[in-house]
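One-letter residues, chain by chain:
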Amino acid sequence: MGNILDVKLINTPSPFLINDRAFVPLGLLYVAGMARHLGHKIAILDLLGNPNYMDALDGVRGDVFGLAATTPQYPVAVAIKNKLKAQNPGAKFVIGGSHVTLKPQVGIDDGFDVVMTGEGENAIKIILTQLSETGECDRLIQAPYTEDLDTIPYPARDLIDIKSYGYEFEHGHKATTIMTSRGCPWNCAFCTKDIFGKTLRFRSPENVVGEVQEVIDKFGIHDFLFLDDVMTLKRDRIEKLLSLLEPLKINWRCYSRVDTLDKDLLIKMKRAGCMEIGCGVESGSQQILDNVNKKTTVEQNTKIALLCKEVGIVFNAFIMIGLPGESYETVLETRRWFEEVLPEKFGYNIFSPYVGTDIYMHPERYDLQLYDMPDEKSWVKGRKGEYNVFVSTKDLSREEILRLHKENFEYFVQLTGWHKNWVDPNAKKAEGAKN
């Protein structure tokens, strides 16, 4: 090994979010874990939740600065880089994350010394090896994917105040994040595979449970949010994992697809501590589902949502408005589906045409007009009253999509009594006091 480097990783703020400390920066922690495994001095500058985050950069020194950014975070990342570079003219500045993975030349043009794409752990290994041995590094690092995920060091959770983060469950406990697999085999037109690729890679159940046990032992956390695109893809593996998780008596939420679930599996998931499943319902219109190549049916969405209620697992329905072919009739179909199923939780978002998706790459194939979307406005879920629309269909203008989104969102809140991002938490307390 060459020189030991002083590496500072920056947790880029998301000022557009209602709460940017809901999710632990798992990708950054994986990169930190690999950097530390290589023997370098590693620290994380956690700027989330700090309205004066630029002031927190004063006097920060290091040999290598690493930032990661989604598209709406990217302008913030550039501003942070500019300030730190003025203070550290001899340091190297590295940018990774989904935005530059999809548009690497942008990172180079904006003055980052190195742009990393591909698997983050492999990319940082290449970068730090080159810098420690020669002091220089290739401008663009396209790292290969790791076939055996069990070989990757666990995320360096001790480098942040992990208990200040968390997705809050209904029982008041905060859940921390974990991933058991990478990749997704489906080809939904609104999604991109350029981050983890289409090849599915799985951690062994034993490796996953080892990480869960480490989090319990080190931090006293017993609540988890599994971030796999579809946790229930491989039936024999998920059943083995469930059997190992059950004795740990943890609570958890995951993401899945309705066509990978059935009553038997839901019962086993419930026994192993599953409290909530988030599924991409997308629309109550079969035509919309077919338009975006979802490969699921409205009937499947209804069946699994009702089975979750029967088993005692919260079904969190993720729905969008503004997908190709959206019309007043398809919006009404989604509304009727919601009225019929009444999911306990929901996410209702306006579709955004991200770079790398089939819709973005081939708009001529879809009934959808795309409009310029500034990076800083390209978020999906944010504060009430700040939503933007960057698509229209032949039946619905941008203004109509925005109006229908607001109208239906408020109606869904009334039907379910749930949406902490839109409902004043004190309102229910006041109502309870009157009753």
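Heads up: these notes are all about the structure in this document. Here the structure is a predicted model, which is why all the values come from computation and not from measurement.

Here is what the cut-offs are and how they apply
- Residues numbered from 1 in each chain as written.
- Predicted model: local features only at pLDDT ≥ 70, side-chain atom pairs only at ≥ 80, totals over all residues.
- Heavy atoms only, no water.
- Helix = DSSP H or I, 4+ residues; strand = E, 2+ residues; numbered from the N terminus.
- Buried < 20%, exposed > 50% of the residue type's maximum accessible area, 1.4 Å probe, protein only.
- Contact = heavy atoms within 4.5 Å.
- Polar contact = N/O pair within 3.5 Å; in protein donor to acceptor, adjacent residues only side chain to side chain.
- Pairing = 2+ DSSP bridges.
- Axes fitted to C-alpha atoms, helices over the stretch in contact; angles between N-to-C directions.
- Right-handed = clockwise from strand over helix to strand, strands pointing away.

**Describing the environment of Asp395**
Relative to the helices and strands, Asp395 is located in the loop between β17 (391-392) and α13 (398-416). Look at Asp395 and you get partly exposed, because its relative accessible area is 36%. Through-space distance from the C-alpha of Asp395 to that of Thr334 is 16 Å; in sequence the pair is 61 residues apart. Sequence-distant contacts of Asp395, defined by excluding residues within four places in its chain, comprise Glu326, Ser327 and Tyr328. A distance of 3.2 Å separates a polar atom in the side chain of Asp395 from a polar atom in the side chain of Lys394.

**A closer look at the sheet that holds strand β13 (residues 274-282)**
With respect to topology, 7 strands assemble into an open sheet ordered β7-β8-β11-β12-β13-β14-β15, the strand pairing being mixed. Unpaired on one side and paired on the other, β7 (167-168) and β15 (345-350) mark the two borders of the sheet. The strands touched by helix α10 (residues 298-311) within the sheet are β13 and β14 (314-321), with β14 carrying the most contacts at an inclination of about 150°.

**Here we look at the pairing of β13**
The buried fraction of β13 is high, at 8 of 9 residues. As paired elements, strand β12 (residues 251-256) and β13 share 5 bridges and run parallel to each other. When the bridges of β13 are listed, Cys254 appears paired with Ile277. Read as a crossover between parallel neighbours, the route from β12 over helix α8 (residues 263-271) to β13 is right-handed. Relative to β14, β13 runs parallel, the two being bridged by 6 bridges. Among the inter-strand pairings, Glu282 is bridged to a residue of β14, identified as Ile319.

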